[in-house]
Amino acid sequence: MGDLPPRSSVKRWLVTTNHKDIGILYLLTSVFFLVVAGVLALLIRIQLLQSGGTILSDAGYNQVVTSHGFLMIFWFLSPFAFGFANYFVPLQIGADDLAFPRLNAMSYWLYLFSGVLVLGSFFQGATFMGGWTAYAPLNVPSYIPDFGQVGSFATILALIAFIGSVTIGSVNFLTTIYRMRAKGLRMRDIPLFSISILVTVWMMLFAFAAYLAALIILSSDHLLHTSFFALETGSGPEATDSGSLLWTHIFWFFGHPEVYIVFFPALGVLGEMVQTFSGRRLVGRKWFIIAMALVGIQSFIVWMHHMFLTAISLEIKTVMMVTTVAISLPFDLMVFSLIYTMIKGKIRWKTPFLFSLGALVIFIIGGITGVFLGAIVLDYSFRGTYWVVAHFHYVMASSAVILIGAVYYWFPKMTGKMYNEFLGKVHFAMAFIGFNLLYFPMFIVWETPRRIFHYNSGFTMWHQTATAGAFLFAASFLVMFYNLAKSLYSDRHVGESPWSYVASPEWAVSSPPPLENFPGKPSFASGELNFLDRAETDGGVEDAATDGGVEETLAPPEEHADHASWWPFLTASSVVLTGFGLAGLSVSHFVWPFLFAIPAFVAALGVHGARQDGFAQIHGIYMMLSFPLLALFFIFFHIGIGIGELASMSAYFWAALVGAVWGAYTLAGIGYESFEVPEPKMAEQWPFESVENTKLGMWTFIASDIIVFGAFIGAYIFTRIEYGWQEWWKLAKDPAAHTMAEQALEHHPVLPGLINTYLLLASSFTVVLALSAARRTEDYSIGPFSISNRSATVTFLGLTFGGAAFFLVNKGIEWVDLFVHQGWTFGVDVMSSTFYLTTGMHALHVIIGMLVMLFLIARAWTGAYVGEGEDASTIEYFGLYWHFVDIVWLFLFPLFYIL
Amino acid sequence: MASTKTYTAIFVVLMALSTTQAAVEWLGFLEDYYWETLGVIMVLSTMKALAVAGYYMHLRDEPRSITYVAMAGLIGFLALTAGASYSII
Ligand SMILES: [Cu+2]
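Predicted model only: the values in this text are computed from it and were never measured. (Residues numbered from 1 in each chain as written. Chains lettered and ligands numbered in written order. Predicted model: local features only at pLDDT ≥ 70, side-chain atom pairs only at ≥ 80, totals over all residues. Heavy atoms only, no water.)

**Structural notes on the overall build of chain B**
Then step 1. Check the secondary structure of chain B and you find four helices and zero strands.
Then step 2. Each helix and strand of chain B, ordered N terminal to C terminal, gives the series α-α-α-α.
Then step 3. Taking 12 Å as the expected radius of gyration for a compact globule of 89 residues, we find that chain B reaches 16 Å, considerably beyond that expectation.
Then step 4. Overall, the C-alpha framework of chain B stretches about 45 × 35 × 10 Å when taken along its three principal axes.
Then step 5. Counting the 89 residues in chain B, one finds 48% classified as buried.
Then step 6. The long-range share in chain B, meaning contacts at least 24 apart out of those at least 6 apart in sequence, stands at 60%.
Then step 7. Surface summary for chain B: the accessible area is close to 4500 Å², and the carbon and sulfur share equals 71%. (Helix = DSSP H or I, 4+ residues; strand = E, 2+ residues; numbered from the N terminus. Rg over C-alpha atoms; globule rule 2.2 N^0.38 Å. Buried < 20%, exposed > 50% of the residue type's maximum accessible area, 1.4 Å probe, protein only. Contact = heavy atoms within 4.5 Å. Areas by Shrake-Rupley, 256 points an atom, 1.4 Å probe, with all protein chains shown as cover.)

**Topic: the overall build of chain A**
Then step 1. A tally of helices and strands in chain A yields 28 helices and four strands.
Then step 2. Taking 899 residues into account, the globule formula puts the C-alpha radius of gyration at 29 Å, and chain A, at 28 Å, falls close to it.
Then step 3. For chain A, the spread of C-alpha atoms along the three principal axes comes to 80 × 75 × 50 Å.
Then step 4. Classification of the 899 residues of chain A by burial places 62% in the buried group.
Then step 5. In chain A, the proportion of contacts linking residues at least 24 apart, taken out of those at least 6 apart, comes to 82%.
Then step 6. For chain A, the computed accessible surface area is about 31900 Å², with 69% contributed by carbon and sulfur atoms.

**Quick look at the interface of chain B and chain A**
Then step 1. Each side of the interface is counted separately: chain B has 50 residues, and chain A has 61 residues.
Then step 2. Between chain B and chain A, roughly 4800 Å² of surface is buried when both sides are summed, and carbon and sulfur atoms account for 81% of that area.
Then step 3. For the pair chain B and chain A, the number of links is one salt bridge.
Then step 4. Linking Lys 695 of chain A and Glu 62 of chain B is a salt bridge whose minimum nitrogen-to-oxygen distance equals 2.6 Å.
Then step 5. Counting residues per element, the ones that place at least two in the side of chain B that touches chain A are α1 (4-26), α3 (34-56) and α4 (64-88) of chain B.
Then step 6. Top contributing element to the side of chain B that touches chain A by residue count: α4 of chain B, with 18 residues.
Then step 7. Partitioning the side of chain B that touches chain A into residue classes produces 32 nonpolar, 15 polar and three charged. (Buried area = accessible area lost by both parts, 1.4 Å probe. Salt bridge = Lys/Arg side-chain N within 4 Å of Asp/Glu carboxyl O. Nonpolar A, V, L, I, M, F, W, Y, C, P; charged D, E, K, R; others polar.)

**A closer look at the domain arrangement of chain A**
Interfaces are frequently sized by the accessible area removed from exposure as the parts join.
Residues and elements named next belong to chain A.
Then step 1. Domain annotation of chain A identifies domain 1 (551-672) and domain 2 (724-898).
Then step 2. Residue-level contacts link 13 residues of domain 1 with nine residues of domain 2.
Then step 3. When domain 1 packs against domain 2, the two sides together hide about 1000 Å² of surface, and 77% of this comes from carbon and sulfur.
Then step 4. Interface area lost by domain 1 to domain 2 is led by Asp 613, Ile 618 and Tyr 622, which between them contribute 38%.
Then step 5. At the junction of domain 1 with domain 2, the criterion picks out one salt bridge.
Then step 6. The partner of Asp 613 in a salt bridge is Arg 859, with the nearest N and O atoms 2.7 Å apart.
Then step 7. Inspection of the region where domain 1 meets domain 2 yields two residue pairs in polar contact (both at pLDDT 80 or more). (Domains from an automatic or database assignment. Polar contact = N/O pair within 3.5 Å; in protein donor to acceptor, adjacent residues only side chain to side chain.)

**Details of the confidence of the model for chain B**
Residues and elements named next belong to chain B.
Then step 1. Averaged over every residue, the pLDDT of chain B is 93; residues scoring 70 or more account for 99%.
Then step 2. No element of chain B has a lower mean pLDDT than helix α2 (residues 29-32), at 82, and none a higher one than α4, at 96.
Then step 3. With a pTM of 0.94, the predicted complex shows an ipTM of 0.98. (pLDDT = per-residue confidence, 0-100.)

**Topic: the coordination of the copper ion**
Reference geometry at the metal: tetrahedral coordination by four donors gives ideal angles of 109.5 degrees; octahedral coordination by six donors gives 90 or 180 degrees.
Residues and elements named next belong to chain A.
Then step 1. The protein atoms donating to the copper ion are His 256 (ND1), His 305 (NE2) and His 306 (NE2), with metal-donor distances spanning 1.8 to 2.0 Å.
Then step 2. Spacing between the donor residues of the copper ion along their common chain follows H-x48-H-H.
Then step 3. A relative accessible area of 10% places His 305 in the buried class. (Donors = N, O, S within 2.8 Å, 3.2 Å for Na, K, Ca; no water.)

**A look at the UniProt feature "transmembrane region" (unreviewed entry) in chain B**
All names here are of chain B.
Then step 1. In the numbering adopted here, UniProt assigns the feature "transmembrane region" (unreviewed entry) to residues 38-56 and 68-88.
Then step 2. For the annotated span residues 38-56, helix accounts for 100% and strand for 0% of the residues, and the straight-line distance between the end C-alpha atoms is 26 Å.
Then step 3. Span residues 68-88 is 100% helix and 0% strand, its end C-alpha atoms 30 Å apart. (UniProt positions renumbered as here; feature names shortened; annotations may be inferred.)

**As for the pattern of salt bridges**
Residue and element names in this part refer to chain A.
Then step 1. Inspection of every chain in the model, using the stated rule, returns 10 salt bridges over all chains.
Then step 2. Between Arg 7 and Asp 21 there is a salt bridge whose closest N-O contact spans 2.9 Å. Taken together, the residues Arg 7 in the segment before α1 (10-15) and Asp 21 in helix α2 (residues 19-47) connect sequence positions 14 residues apart.
Then step 3. For Arg 102, the salt bridge is made with Glu 673, and the minimal N-O distance between the two is 3.0 Å. Highlighted residues: Arg 102 in helix α4 (residues 101-121) and Glu 673 in the loop between α21 (651-671) and α22 (693-723), separated in sequence by 571 residues.

**Some details on the packing of aromatic side chains**
Residue and element names in this part refer to chain A.
Then step 1. Per the stated rule, a full pass over the model turns up 103 aromatic pairs over all chains.
Then step 2. For the ring pair Tyr 394 and Phe 435, a centre distance of 5.0 Å and an interplane angle of 80 degrees mean the geometry is edge-to-face. With Tyr 394 in helix α12 (residues 386-415) and Phe 435 in helix α13 (residues 421-444), this pair connects stretches of sequence that are 41 residues apart. Of the two residues examined, Tyr 394 and Phe 435, each falls in the buried class.
Then step 3. Across the ring face of Trp 725, the terminal group of Arg 720 is positioned such that the distance to the ring centre comes to 4.2 Å. (Phe/Tyr/Trp six-rings, centres within 6.5 Å; stacked < 30°, edge-to-face > 60°. Lys NZ or Arg CZ within 6 Å of the ring centre and 35° of its normal.)

Structure representation (structure tokens):
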């Protein structure tokens, strides 16, 4: 902890938790990935110069196509938008920073290091080759060539780490936008960009959770050889690729919202740029926002329009066709609102506006061609062709084009310098012509098959045109880089706002904004967020808009939020080594690095705790405890693998081990730092007025975890229905077909599940008691004995830990029996796959909870949660997580043990 | 926060309902009335979940908006599961 070093120092950028710094880091990193993914795109276009290809091998082309998609969608488009979101959302809503600045830094570093992992996968044999949709069964090991196994798995792990970043970011932005708004700023008056980010993070929170579940299941198919996505049910002509179908369901449940996740932030800036350069408020602003929210909800019920050529029923296809057509209606409203605003306004033809208008044209073309694909009958012809490729590039790239416009729009604000208008216009002209030259021919030669570099040789001229367009499009970016770099060092200074008409508060502060964002306390209490013009901003609209409270305008900023921290960077960096190593490990080896990381975590809790809270017995106990724990795991290791094998362990093993231990050590470190900044004393917080930031953060996280577990349970229900719900156990009882399962069944009674239900319920109860103990004002006394609240809190937390430990031991006995004695391993059949993975995922949550409990016990021991002025809320927030894990088990118990 | 007495009562109810679920299986209801019993068991699980969420996670005392946040996740899960399952029936 400490204050931030100056921006000229490298250290500043490694330790910063300031939202504007992190915004800049996001922007620069995502532009780096744009360049990488753009070069990959050029390789694709060079390959397509003639049918049959030019420079890439088959496997090379597949890798390039796949990683181009992954990098553009995940590591460029969204993070690019979130660079702006980081920078501008707090400014637009009048907050000093995001609600959880350190977690924000964590999001960024996880994003960066997940990207490093994906780039590294190219050097681990081959990166993933099955397209960005990663359709099953091309995503499971048996369908991936040997040289691509490790790199493909590394790509999957990189996506998982990326979702970690996304989820933390979503929780952070939701909490910020709901809880940190300046006085008087109602939800409906939030500037359009921040509104669009709010809708986006809601979609992110749920959509990415489903994708995370799919990727974890996929990882289990890779690592544990479970059989989810390669599963076929039935036989002969009745056979169904249930596994493929399951993947497509979960993937597109995420994938369709993902389109809007990418597009909405751009739509928000588009609205702001159209307002600014038309010189008038958006026509039908309220309906624009309602339409956006409506699309956000609808986006979760259209996903099967990506599955018209699968075995799903015609009824559901028809339903999805209707919902798909319905979702285009709110978009029509938004497009008309934008066009009407331009017509009614007085246009200023600045570079950002040109990009806005160009993007709108591109988006309309993309939208209309998409309606073709939404019609079942047409999709039969269009699916898997360049019609699709052209359509979604028109849609996705329209958001890129808008965001490029946003670079010009906000560059003066972020740097205090004006870009060169002429070069900006040159960039636009080159980009717009290049883009259409690149993608429009694809509609003409739409019969070219997607992802394949063999096509009708009559199409060659069109494909060569497209390639020329691609290079023009790419070159246009060089103009931008030159323009911005040159302008940054020019002396074309700007004041608060270079635009003669602005609509949002970021233009009311200096350019670049000061570290603490606002000179005083921002307030919008006059009722409405006014449209500002330059004359007004000079006078200080913030002052004019306050409700007369002197303390608001003159009070110094509240406690400084910008504390430097190494931990987010250090913790996230462990992802690279861990992921790199895990990708190359086998089922028998992968668990050991993580087991050995546990003693490291326990020891680190002692070390960091002693440093933070002053040495107490508990810290010594933890440090001492880590040795027998380590010895215990060594004994397990010796039984399982053999100590002698250590000498011949692969580099993957050591990488994973070092990564996991490093991760454990740093996680313990970050735990002792407070995640929160002081909550604003005067803020608009509807509809979460009486919910603290961390509690809201915890609940939004739980909501996303409901989807993660929901997708696991959904996968189980789907698979079981596909298999025959009641056949599930009956077939397992057929001794000829499923001997091992039959044996397993006899030894898989209700009892272990019931005992574990008791244990978890009891541990939930003791958490509740721990919280009451911490919040009690008087000590407990029973007869002559009295127990301090501190001791009681520690005791109840310890009992909770004990309950969880017994839960795991009981599960361990059950698993060892099934696994070792019955031979009912992970991949024996679909039943074992679903059983082990779903209950295993739950057990993982229990283990994570136990690790957090160790931390809580250490803190409680030093008296952190009891007494006056101390806050027991940490126990409460942990309790929410723990009860949630309990609730999940309440459903897993009947689903996997009784029914 | 509710009183320790309430929490204890909830705990006893939770244990009892869990035992009931297992007992239903032991008594062999699933053999003869599979779908009815499935319904009963799932209703019991839902009741337990509501008790934990309402009292232990004290959703009863929080603003409704928090419940809606959790409900949103639940509805997402139901949409995915119901949609996917319906597509193959
Ligand atoms: Cu879609």
